[in-house]
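Close look at the chain arrangement
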Amino acid sequence: IADTIYEFDSLTRAALIILEANTQPLELKAASYCVAFEAVCHTIKKHFGIDSPTVIDSTVFNADVKPQFLALLEQLEKDSKIDAKQKDILSRKLHNWNQPTNADSLVAPFRKYGYELNKDEFKCVDNRNQFLHGSLPINERNEDEAFRELYHISLTIHKLIYILLFKMVGYN
């Protein structure tokens, strides 16, 4: 494990984030673990060439769906319904339509290793986006419940990080 962490700068940074997060308050701890989790997932995907699943088959999207929308944008510009700048913005967004969700992208390394996330683990992976944008995906009205939820999410993300690291180095 040490050799693998040393080999990849992104894993070294993730390890440092985790170590530092262990001393932080719970709401910061969860957010930090989420950052480290993304670093581990993206490192594995890059190293092993794992592609995230597209929304629909890329061939179908590029041959049948995308051209129709590009033609529509052309027509809207021609009819002066949108200007060139608006067309450019919409066209660039269209190129990302078939991209997977962040959660789908982060689940891809688990699929590579044959680890099936349970419903609760997937929910924690999905919630991590809220932490990264400064929100807490918890019931803040009840302090005890909020603490339990944050603690559970933190432990789950922490566990998932180490599952991936152990799988990456060959543990089964």
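See the structure above.
Residues numbered from 1 in each chain as written. Predicted model: local features only at pLDDT ≥ 70, side-chain atom pairs only at ≥ 80, totals over all residues. Heavy atoms only, no water.

**Some remarks on the overall build of the protein**
What the protein contains, in helices and strands, is 8 helices and 0 strands. Here the C-alpha coordinates of the protein stretch approximately 60 × 45 × 30 Å along the principal axes. The 172 residues of the protein split such that 37% are buried. Counting only contacts in the protein whose residues sit at least 6 apart along the sequence, the fraction spanning at least 24 positions is 68%. Carbon and sulfur atoms form 53% of the exposed surface of the protein, whose accessible area is close to 10800 Å². Between the mean site of the 20 positive side-chain charges and the mean site of the 24 negative ones, the protein shows a separation of 3 Å. (Helix = DSSP H or I, 4+ residues; strand = E, 2+ residues; numbered from the N terminus. Buried < 20%, exposed > 50% of the residue type's maximum accessible area, 1.4 Å probe, protein only. Contact = heavy atoms within 4.5 Å. Areas by Shrake-Rupley, 256 points an atom, 1.4 Å probe, with all protein chains shown as cover. Lys, Arg positive; Asp, Glu negative; His and termini not counted. Charge placed at Lys NZ, Arg CZ, Asp CG, Glu CD.)

**Considerations on the packing of aromatic side chains**
Scanning the model with the defined rule gives 5 aromatic pairs in all. Arranged with centres 5.7 Å apart and planes meeting at 45°, the rings of Phe110 and Tyr115 form a pair that is tilted. Overall, the relative accessible area of 23% leaves Tyr115 in the partly exposed class. Centre to centre, the rings of Phe166 and Tyr171 are 5.3 Å apart; their planes meet at 85°, and the pair counts as edge-to-face. We classify Phe166 as partly exposed; its relative accessible area is 36%. By way of ring pairs, the aromatic residues Phe37, Phe110 and Tyr115 are connected into one cluster. Just above the ring of Phe48 sits the side chain of Lys112; from NZ or CZ to the centre is 4.6 Å. (Phe/Tyr/Trp six-rings, centres within 6.5 Å; stacked < 30°, edge-to-face > 60°. Lys NZ or Arg CZ within 6 Å of the ring centre and 35° of its normal.)

**A word on a nonpolar patch on the surface**
A surface patch of nonpolar side chains, about 380 Å² in accessible area, is lined by Ile1, Tyr162, Phe166 and Tyr171. Tracing the backbone through its elements, the reader meets Tyr171 in the segment after helix H8 (143–168). (Patch = residues over 30% accessible without salt bridge, like charges linked within 9 Å, V, L, I, M, F, W, Y side chains within 5 Å. Salt bridge = Lys/Arg side-chain N within 4 Å of Asp/Glu carboxyl O.)

**So, H8**
The terminal C-alpha atoms of H8, which comprises 26 residues, lie 37 Å apart, in line with the 38 Å expected from a rise of 1.5 Å per residue. Positive phi appears at Gly170, one or two residues downstream of H8, with a value of about 105°. (Expected span 1.5 Å × (residues − 1).)

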